[in-house]
Number of protein chains: 4
Amino acid sequence: MLDTATLDKLDADLQAYGLKTERIPAGEMLATGERVRFELPSGHLIELFAEKTKVGNGIPLINPAPWAKARDNGIAPIRLDHTLLYGPNVAAVQKIFTEVLGFYLVERVLTPDGNANAAIWLSCGQKVHDIAFAEYPEPGKLHHCSFLMESWEHVLRAGDIMSMNAVPVDIGPTRHGVTRGCTIYAWDPSGNRFETFMGGHLPYPDYETMTWTFDNFGQGLDYPQRKLHETFLTVVS
Amino acid sequence: MLDTATLDKLDADLQAYGLKTERIPAGEMLATGERVRFELPSGHLIELFAEKTKVGNGIPLINPAPWAKARDNGIAPIRLDHTLLYGPNVAAVQKIFTEVLGFYLVERVLTPDGNANAAIWLSCGQKVHDIAFAEYPEPGKLHHCSFLMESWEHVLRAGDIMSMNAVPVDIGPTRHGVTRGCTIYAWDPSGNRFETFMGGHLPYPDYETMTWTFDNFGQGLDYPQRKLHETFLTVVS
Amino acid sequence: MLDTATLDKLDADLQAYGLKTERIPAGEMLATGERVRFELPSGHLIELFAEKTKVGNGIPLINPAPWAKARDNGIAPIRLDHTLLYGPNVAAVQKIFTEVLGFYLVERVLTPDGNANAAIWLSCGQKVHDIAFAEYPEPGKLHHCSFLMESWEHVLRAGDIMSMNAVPVDIGPTRHGVTRGCTIYAWDPSGNRFETFMGGHLPYPDYETMTWTFDNFGQGLDYPQRKLHETFLTVVS
Amino acid sequence: MLDTATLDKLDADLQAYGLKTERIPAGEMLATGERVRFELPSGHLIELFAEKTKVGNGIPLINPAPWAKARDNGIAPIRLDHTLLYGPNVAAVQKIFTEVLGFYLVERVLTPDGNANAAIWLSCGQKVHDIAFAEYPEPGKLHHCSFLMESWEHVLRAGDIMSMNAVPVDIGPTRHGVTRGCTIYAWDPSGNRFETFMGGHLPYPDYETMTWTFDNFGQGLDYPQRKLHETFLTVVS
């Protein structure tokens, strides 16, 4: 649980590891407590916080319905699921997440020579990934943000709604080999890629990492089609 | 119902329409009664028959289970669903199916100038199509045979099994705009394309035909992705 | 197809069979053409018509979307699917539907002695039933009207919405052995039972009738639970 | 992560809390390391261990398929999901799990007077429950063990297989209000109840506990039907 004591401890741990951190006062970001900011070797700024105003999701805490009626409006994901970032020094990033921040490595794709990780999927709970990184020469890039869907049928419905609204689709509906989750990727009007995602393994911290060899990355990305779609290999911002 | 009297009547109707028919004796094809054969203006040979040895599907007629245990083996479609044929003279083919054989036109894609049908989907019952034709210069070509799946989840499972067995996939999983059915296309080892298909509208003979303009054919083929995949436009044999 | 000529023919056929028919002028029922009315030996009045003003379902005929946005409101069935009626003389009713009206018998439940049908499921197309009858001493009773749902997941969602709105539920969600369709039964505010139904076999007129023995009727009604729920055995009006 | 150091710490923490613990040597249970055993105030013996021989689930660690072919045999759950235990002193049990063992309270049902918890659902990760307890006068009772299913469609299929094999079913298929998971309960040949379960919220340790009032327990158990099925209220051993 992320309380203020944990935030302080993580700040101290990051500094002890050799990273420079910065405290940003509560309130500087709307409805958010004090933040600890640091930069990853991949060029991404990460911020940790322990306090956030709870606004709920429309489901009451007493005798809750299984879903909020608002779910029926549009694609209606359950929540933000994860993000995939592109940048250099993935090995160093992995060390910070696993040795300081308490994540574990769920899956990885090897580089062509098999000596390093081309991409890593990290979890700090039991979701198949909370954050993922892919090695990329330019620092600080975003590949996509991902939203959690209810079921494979809801992923299909998301694709219907994208098409009805002329939202440009990247790949999917399909299943990933990596994570075994099911997916559609599309672009929002500002050019950012987003994912409607469901499923995936149910990992535990002591699970052994699953490894994809580079020659099988196509199957890892699109399990039925087994190919690296060209559009998917681009970053968005 | 196709009994021998109906077979004789269809034979007479086809001849009255001006088509040459041929009778092929019972037994010439395994477990099949007498056949009436004729050639379509698209170059395809069609055969009608009224008798076939029933072998069942593993579900008994007394206190039937909802599915046969054999369904669990592999992709396990419920039944053959339809076929899509490519050839010339689609307008003439449509007349034969609708005026002589009792089919009705469920959906169609227009030619770019909007003056003719580039592709037609025909039903003789309440399946969204029993047979379909696309205009193509070469006569007598097959695009695909399609197998009926239980659900969208079974289509995903079919894609998993294709990938596990290195079966080359053409397109999907996705939803068609035309028919609104869900699909994966793949190739069998002899090079023929097959489809694992589910869903679709529930049409009646007095439904009005649904029409796709040519510029929207991409959406008609792949509803979320809205594109005409190049591989899909090839015939197989 | 039900055009005026067919309506006239069915009227003549019913009379030739020995049933008294009555013609009700066009317009007497809103948006409906002339009707042919007759009474079944079960005490139900049946009306046939060939003309009805088409109001559409929100999906356009040109470049149709796979579903109308209105589908997202509430339970949102696709269409009326079938009805189950209770009354005497089911054997005589079956003869009228199969010998005069062009239906065929898809499934049946035998009486305890196995000598007659306690209940029959009749189709005039490829839906697993368009109308069904159960033997019952009182004439002219309704058991339920059924609405077609998109999927098993939509049946679950229907149950959620019933519970959110305090709609009294009879049985389900479950699968029927008979028809293999999936279902929830509930009561509307006027006390009529309705069903949210999906799935079922895809029958053809030449399929052999499937038969349930009376001792297995519990499995026929509720396949997983294998019991005749007491509330379900009541008629509603 | 449960390593030997964690096991030692939990043992010390349990003792510090005032519970008597017992060490059972490695190997006493097949393929299992040293265990720490203690008794709950509910009368249940709990054992913790840090080492277990990994036998895998048929999915390889290199280029893993999304599921093992063995999944197609029978009901084929993904894994053991949770258990529900019945016994006295649920409040004391809750304290041990939340204050010593690192669990958090996800959901609860209140007693009729609203002053205590009649039942509690506890998680030590992001599953909606890893263990649950219901207040019951007799100590040390088991209500059910639960197995994780892939989807709502797999729950239906489990019910089909139960019926095909004459497995006695308790309740379901249905959705729980509590946890919002979907379920069938059945009895194995030795008389123990088991559950085939899927879905549920995705909780975090800092989520606020969801509360069910006693008068709504029927909806909490069976969301569509809103009733406490009598058979369900029995313990099994």
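Located above this text is the structure these notes cover.
Residues numbered from 1 in each chain as written. Chains lettered and ligands numbered in written order. Predicted model: local features only at pLDDT ≥ 70, side-chain atom pairs only at ≥ 80, totals over all residues. Heavy atoms only, no water.

K.L.:
Quick one: what's the story with the overall build of chain A, residue by residue and with numbers?
P.N.:
Within chain A, the regular secondary structure consists of 4 helices and 12 strands. Judged by the C-alpha coordinates and their principal axes, chain A covers about 55 × 50 × 35 Å. Expressed as a percentage of the 237 residues in chain A, the buried residues total 56%. The long-range fraction of contacts in chain A, counting pairs at least 24 apart against all pairs at least 6 apart in sequence, stands at 57%. Counting every atom, chain A has about 10,100 Å² of accessible surface; 57% of that belongs to carbon and sulfur. (Helix = DSSP H or I, 4+ residues; strand = E, 2+ residues; numbered from the N terminus. Buried < 20%, exposed > 50% of the residue type's maximum accessible area, 1.4 Å probe, protein only. Contact = heavy atoms within 4.5 Å. Areas by Shrake-Rupley, 256 points an atom, 1.4 Å probe, with all protein chains shown as cover.)

K.L.:
Residue-level account of the interface of chain A and chain D, with values.
P.N.:
Taken together, the contact pairs 36 residues of chain A with 35 residues of chain D. At the boundary of chain A with chain D, total buried surface from both sides reaches about 3,100 Å², with 54% on carbon and sulfur atoms. Sorting the residues of chain A by area buried against chain D places Leu61, Asn63 and Pro66 of chain A first, and these three jointly supply 19% of that buried surface. One salt bridge in this structure joins Arg180 of chain A and Glu150 of chain D, with 2.9 Å as the shortest N-O distance. Where chain A touches chain D, the interface holds 17 residue pairs in polar contact (both at pLDDT 80 or more). The dominant element in the side of chain A that touches chain D, judged by the number of residues it contributes, is strand E12 (residues 210-212) of chain A, at 3 residues. Its residues assigned to classes, the side of chain A that touches chain D shows 17 nonpolar, 8 polar and 11 charged. (Buried area = accessible area lost by both parts, 1.4 Å probe. Salt bridge = Lys/Arg side-chain N within 4 Å of Asp/Glu carboxyl O. Polar contact = N/O pair within 3.5 Å; in protein donor to acceptor, adjacent residues only side chain to side chain. Nonpolar A, V, L, I, M, F, W, Y, C, P; charged D, E, K, R; others polar.)

K.L.:
How would you explain the relation of the copies chain A and chain D if you had to name every residue and give the values?
P.N.:
Take chain A, turn it by 180 degrees, move it 0.0 Å along the axis, and it overlays chain D with an RMSD of 0.0 Å. The two molecules are tied by a two-fold rotation axis, judged by turn and shift. For chain A, the smallest separation between a C-alpha atom and the rotation axis is recorded for Gln126 of chain A, amounting to 2.8 Å. Mapped onto chain D, 97% of the interface residues of chain A are again interface residues, and the two copies thus contact each other with one and the same surface. (Least-squares fit on C-alpha atoms with pLDDT ≥ 70 in both.)

K.L.:
Describe in detail the interface of chain B and chain A, supporting the description with residues and values.
P.N.:
Listed per partner, the contact involves 24 residues of chain B and 24 residues of chain A. Together, the buried faces of chain B and chain A total about 1,900 Å²; carbon and sulfur atoms form 51% of this surface. Linking chain B with chain A are 2 salt bridges. Among the ionic pairs, Asp160 of chain B bridges to Arg175 of chain A, the shortest N-O distance being 2.7 Å. Taken together, the connections running from chain B to chain A amount to 13 residue pairs in polar contact (both at pLDDT 80 or more). Elements with a contribution of two residues or more to the side of chain B that touches chain A: helix H3 (152-164) and strand E9 (174-175) of chain B.

K.L.:
How would you summarise the pattern of salt bridges if you had to cite specific residues and measurements?
P.N.:
Applying the stated rule across the entire model yields 60 salt bridges over all chains. Residues Glu47 of chain D and Arg37 of chain D are paired through a salt bridge, measuring 2.7 Å at the closest nitrogen-oxygen approach. Of this pair, Glu47 of chain D sits in strand E3 (residues 45-49) while Arg37 of chain D sits in strand E2 (residues 35-39), placing them 10 residues apart in sequence. Residue Arg37 of chain D is classed as partly exposed on the basis of its relative accessible area, which comes to 22%. Via salt bridges that share partners, Glu22, Glu28, Arg35, Arg37 and Glu47 of chain A belong to a single interconnected network.

K.L.:
Residue-level account of the nonpolar core, with values.
P.N.:
Core analysis: the largest hydrophobic core is formed by 31 residues, its most contacted members being Trp152 and Met162 of chain C together with Trp152 and Met162 of chain D. With residues up to four places along the chain from it excluded, the contact list for Trp152 of chain C reads Pro173, Thr174, Cys182 and Met198 of chain C together with Trp152, Glu153, Leu156 and Pro173 of chain D. Judged by nonpolar contacts, the second largest core, of 30 residues, contains Met149, Leu156 and Met198 of chain A together with Ile161 of chain B. (Core = buried A, V, L, I, M, F, W, Y, C linked by side-chain atoms within 4.5 Å.)

K.L.:
Describe the sheet that holds E3 of chain D, naming the residues involved and giving the relevant values.
P.N.:
All names here are of chain D. The strand order across the open sheet built from 3 strands is E1-E2-E3, with neighbouring strands paired in antiparallel fashion. Strands with a single pairing partner mark the edges of an open sheet, and in this sheet they are strand E1 (21-24) and E3. Neighbouring strand axes in the sheet, compared pairwise and without regard to direction, differ in orientation by 25 degrees on average. Alignment of E2 against E3, held across 5 bridges, turns out to be antiparallel. Paired with Arg37 across the two strands is Glu47, which belongs to E3. (Pairing = 2+ DSSP bridges. Axes fitted to C-alpha atoms, helices over the stretch in contact; angles between N-to-C directions.)

K.L.:
Please provide a residue-by-residue account of the side chain of Thr183 of chain A, values included.
P.N.:
Of note, Thr183 of chain A is situated in strand E10 (residues 181-187). Separated by 2.7 Å, the side chains of Thr183 of chain A and Glu195 of chain A make a polar contact.

K.L.:
Give a detailed account of the packing of helix H1 (residues 4-17) of chain B against helix H2 (residues 90-100) of chain B, specifying residues and quantitative values.
P.N.:
Residues and elements named next belong to chain B. At a closest axis distance of 11 Å, the pairing of H1 and H2 adopts a crossing angle of 135 degrees. One way to sum up the angle between H1 and H2 is to call them oblique. Along this stretch, H1 crosses H2, giving a crossing that reads as right-handed. Where H1 approaches H2, its residues Leu10, Asp13, Leu14 and Tyr17 are matched on the opposing element by Lys95, Ile96, Glu99 and Val100. Of the residues that constitute the contact of H1 with H2, the class distribution is 5 nonpolar, no polar and 3 charged. (Parallel < 35°, antiparallel > 145°, perpendicular 65-115°, else oblique. Left-handed = near helix turned anticlockwise from the far one by under 90°.)

K.L.:
Talk me through helix H3 (residues 152-164) of chain A; I want residue IDs and the actual numbers.
P.N.:
Quick reminder: α-helices carry 3.6 residues per turn. Residues three or four places apart thus point the same way. All names here are of chain A. Compared with an ideal rise of 1.5 Å per residue, which puts 13 residues at 18 Å, H3 spans 19 Å between its outermost C-alpha atoms and is within 8% of the ideal. Most of H3 sits out of view: 12 of its 13 residues are buried. For H3, the set of buried residues is Trp152, Glu153, His154, Val155, Leu156, Arg157, Ala158, Gly159, Asp160, Ile161, Met162 and Ser163. Just downstream of H3, Ala166 is the residue with a positive phi angle, here 55 degrees. (Expected span 1.5 Å × (residues − 1).)

K.L.:
If you had to explain the pairing of strand E10 (residues 181-187) of chain C to someone new, which residues and values would you point to?
P.N.:
Residues and elements named next belong to chain C. Among the 7 residues of E10, 7 are classified as buried, and the element is accordingly described as predominantly covered. Because side chains alternate across E10, one face comprises the buried residues Gly181, Thr183, Tyr185 and Trp187, and the other comprises Cys182, Ile184 and Ala186, equally buried. Two elements, strand E9 (residues 174-175) and E10, share 2 bridges in a ladder whose sense is antiparallel. Within E10, the position partnered with Thr174 by the bridge is Thr183. Where E9 folds back onto E10 in an antiparallel hairpin, the turn is made up of 5 residues, including Thr179, whose phi is positive at roughly 75 degrees.

K.L.:
An account of the relation of the copies chain B and chain A is needed here, citing residue identities and associated values.
P.N.:
By a simple turn and slide, chain B fits onto chain A: the slide is 0.0 Å along the axis, the RMSD is 0.0 Å, and the turn is 180 degrees. Most of the interface of chain B is mirrored in chain A, where 100% of its interface residues are also at the interface.

K.L.:
Which residues make up the packing of aromatic side chains, and what values do they have?
P.N.:
Counted according to the given criterion, the structure contains 26 aromatic pairs over all chains. When the centroid spacing of 5.2 Å and the interplanar angle of 55 degrees are considered together, the rings of Tyr86 of chain A and Tyr136 of chain A count as tilted. Taken as a pair, Tyr86 of chain A in strand E4 (residues 79-87) and Tyr136 of chain A in the loop between strand E7 (131-135) and strand E8 (141-148) lie far apart in primary sequence, 50 residues in all. A relative accessible area of 8% means that Tyr86 of chain A is categorised as buried. Ring plane angle 35 degrees and centroid distance 5.8 Å describe the contact between Tyr204 of chain D and Tyr207 of chain D, whose orientation is recorded as tilted. Taken together through their ring pairs, the aromatic side chains of Phe97, Phe103 and Phe133 of chain A make up a single cluster. In this structure, Lys52 of chain A is placed above the aromatic ring of Phe49 of chain A, and the distance from its NZ or CZ to the ring centre is 4.7 Å. (Phe/Tyr/Trp six-rings, centres within 6.5 Å; stacked < 30°, edge-to-face > 60°. Lys NZ or Arg CZ within 6 Å of the ring centre and 35° of its normal.)

K.L.:
Kindly report on empty space enclosed by the protein, identifying the contributing residues and their values.
P.N.:
All names here are of chain D. Using the criterion set out here, one finds 1 cavity of 30 Å³ or more in the structure. Reported here for the largest cavity is a volume of approximately 50 Å³. What lines the largest cavity is simply Tyr104, Val106, Glu107, Val128, His201, Pro203, Tyr207, Glu208 and Met210. The element that contributes the greatest number of residues to the lining of the largest cavity is strand E5 (residues 104-110), accounting for 3 residues. Here the lining of the largest cavity is built from residues that sort into 6 nonpolar, 1 polar and 2 charged. (1 Å grid on protein atoms, 1.4 Å probe; cavity = no way out; pocket = protein on both sides within 12 Å on 5 of 7 lines; lining within 4 Å. Points joined across faces, edges and corners; volume = space filled by probe spheres on them.)

K.L.:
Before we move on, can you summarise the environment of Leu48 of chain C with the specific residues and values?
P.N.:
Residues and elements named next belong to chain C. Looking at the element boundaries, Leu48 is found in strand E3 (residues 45-49). Spatially, the C-alpha atom of Leu48 lies 21 Å from that of Ala134, the residues being 86 residues apart in sequence. Beyond its immediate chain neighbours, meaning those up to four positions away, Leu48 contacts Leu7, Leu10, Leu14, Glu34, Arg35, Val36, Phe38 and Leu101.

K.L.:
Tell me about the environment of Asn57 of chain C, and name the residues and values.
P.N.:
All names here are of chain C. You can see Asn57 is positioned in the loop between E3 and strand E4 (79-87). Judged by its relative accessible area of 53%, Asn57 falls in the exposed class. Taking the C-alpha atoms as reference points, Asn57 and Arg157, separated by 100 residues in sequence, lie 21 Å from one another. A distance of 3.1 Å separates the side chain of Asn57 from the backbone nitrogen of Ile59, its partner in a polar contact.

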